[in-house]
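Fold and contact review
Chain residues, written in single-letter form:
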Amino acid sequence: MNVHGTVAEGFEPVRDAFAGNFAALGDRGAAVAVYRDGRKVVDLWGGARDVDATDGAAGPPGTEPWRRGTAQVVRSATKGVAAAVPLLLHQRGELDLDAPVGEYWPEFKAHGKERVLVRHVLNHRAGLPVLDRPLSPEDALDPLRGPRALAAQAPVWEPGTDHGYHALTYGWMLDELVRRVTGGRGAGEWIADEIARPLDLDLWVGLPAAEEAAGRAGRVGRLPEAEPTGGGPRLRPKRAVTEAYGDPASLTRRAFAAITPFPDQNDPAYRAAALPATNGVATADGLARFYAALIGDVDGVTRRVRLFDPATMERARAEESAGPDRVLVVGTRFGLGYMLHGSASPFLSPGSFGHPGRGGALGFADPEAGVAFGYVTNGFRKTVTADPRAQALVRAVRESLRRTGSDVDRV
């Protein structure tokens, strides 16, 4: 398997770890990008663009190699991109994070949700991770039906008193809130206009028809669970986690079953819809470049662009929720829309903030190190927050920082 792309001097460990993911951890097609102080220092890709393809083989569709610019569905890594929208609206004075959601969305107040604040949507404390009546795939792709279902849903705990991962409902709440504040422009449109276009990002929440026709997105799918080679550890979930996923009545199962059955992620109709919790399509560079712009200036289309001012950056990564997660069962930490570094989702350092995607993808930023990271793959594993392939790359970034003279003890 050939690894393509470049690494800056000192970042060779990332290239080695990336190649190791194919050799030892079963990656089929993937890419990783790293920015440091706004400059790209890692840009690597390899394997096949479709999970069911043979690497590099010539032949019918489904056998093409991964190329520069190949994009993939990144699942919940979408959440970190979408979180920037309400935070930037707040930064511009258009949205109050401490206001009740019902102040902007009156229909939402029903069934005991009067005390759900905007910040509760972002810190997973709204008490709305499930739907009593799950949506069909067709209903889920309709931008009106998800929000209507949530407006009619009662919380499963007192809003603000506890936290639990809103795996799918996060996207409908955020999208409708953005529509109400902006006068009808959804989160996907806002991201395209205000974030992706100025920064020239290959990143979409709602893949445009032209990009679909150009074949930008490869096929994703589940990889077989294989033992790592080369002496790597085999990770086993805790019994409580296994039981939660196995119990149809648990909040865990119900949260991930808010859409039943889950849509085909390779269906163009799914990629074209805007589901800010789950269906972002991105290149590794698009994801890393987005996070680079959250913490510093990055060269955009016409100018240097920084998205978050210092106060918004600190607001995004200040701990809002921590401890046992009522949905994921393990301990999690959240800021406003972003997972924070912790045992369930290790990033580079305690100051890092970002979001993994279930099955593999990861994007995050570390302001102290000046690092932004993006990893995308077409092969999904069972992991929810800490995929071994992404973690191998993060460890390699840490080693590269040592090689290049960074004080890694502070990160």
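Look above for the structure.
Residues numbered from 1 in each chain as written. Predicted model: local features only at pLDDT ≥ 70, side-chain atom pairs only at ≥ 80, totals over all residues. Heavy atoms only, no water.

Some details on the sheet that holds strand β5 (residues 203–204)
Pairing is antiparallel in the open sheet, where three strands are placed in the order β4-β7-β5. The sheet terminates laterally at β4 (72–73) and β5, the two strands that pair on one side only. As judged from the two bridges shared by β4 and strand β7 (residues 281–282), these two strands associate in the antiparallel manner. Residue pairing for β7: Gln-72 is matched across the bridge by Ala-282. (Pairing = 2+ DSSP bridges. Helix = DSSP H or I, 4+ residues; strand = E, 2+ residues; numbered from the N terminus.)

Describing the side chain of Arg-317
With respect to the helices and strands, the residue Arg-317 is situated in helix α14 (residues 310–317). Engagement of the side chain of Arg-317 in a polar contact is seen with the backbone oxygen of Gly-351, the distance being 2.9 Å. (Polar contact = N/O pair within 3.5 Å; in protein donor to acceptor, adjacent residues only side chain to side chain.)

What about helix α2 (residues 77–91)?
Its 15 residues place the ends of α2 22 Å apart at the C-alpha level, agreeing with the 21 Å of an ideal helix rising 1.5 Å per residue. Among the 15 residues in α2, 13 count as buried, and that is most of the element. Trailing α2 by a residue or two, Gly-93 shows a phi angle of about 80 degrees, which is positive. (Expected span 1.5 Å × (residues − 1). Buried < 20%, exposed > 50% of the residue type's maximum accessible area, 1.4 Å probe, protein only.)

Re the packing of aromatic side chains
A full pass over the atoms with the stated rule returns 12 aromatic pairs. Ring geometry for Phe-18 versus Phe-22: centroids 5.3 Å apart, planes at 80 degrees, classification edge-to-face. Here the residue Phe-18 and the residue Phe-22 both occupy positions in helix α1 (residues 12–24), the gap between them amounting to four residues, near one helical turn. You can call Phe-18 buried: its relative accessible area is 0%. (Phe/Tyr/Trp six-rings, centres within 6.5 Å; stacked < 30°, edge-to-face > 60°.)

Let's talk about the pattern of salt bridges
Across all of its chains, the model carries 32 salt bridges by this definition. A salt bridge links Arg-119 to Asp-98, with the nearest nitrogen and oxygen atoms 2.6 Å apart. Residue Arg-119 is located in helix α4 (residues 118–123), and its partner Asp-98 is located in the loop between α2 and α3 (101–104); the two are separated by 21 residues in the primary sequence. With a relative accessible area of 17%, Arg-119 lands in the buried category. Residue classification places Asp-98 among the partly exposed positions, given a relative accessible area of 46%. Notably, a salt bridge pairs Arg-304 with Asp-299, separated by 3.1 Å at the nearest N-O pair. Residue classification places Asp-299 among the partly exposed residues on the basis of a relative accessible area of 45%. The network of salt bridges with shared partners includes Arg-92, Arg-185, Asp-193, Glu-194 and Arg-197. (Salt bridge = Lys/Arg side-chain N within 4 Å of Asp/Glu carboxyl O.)

From the geometry alone we can't say anything about function, so treat these as descriptive.
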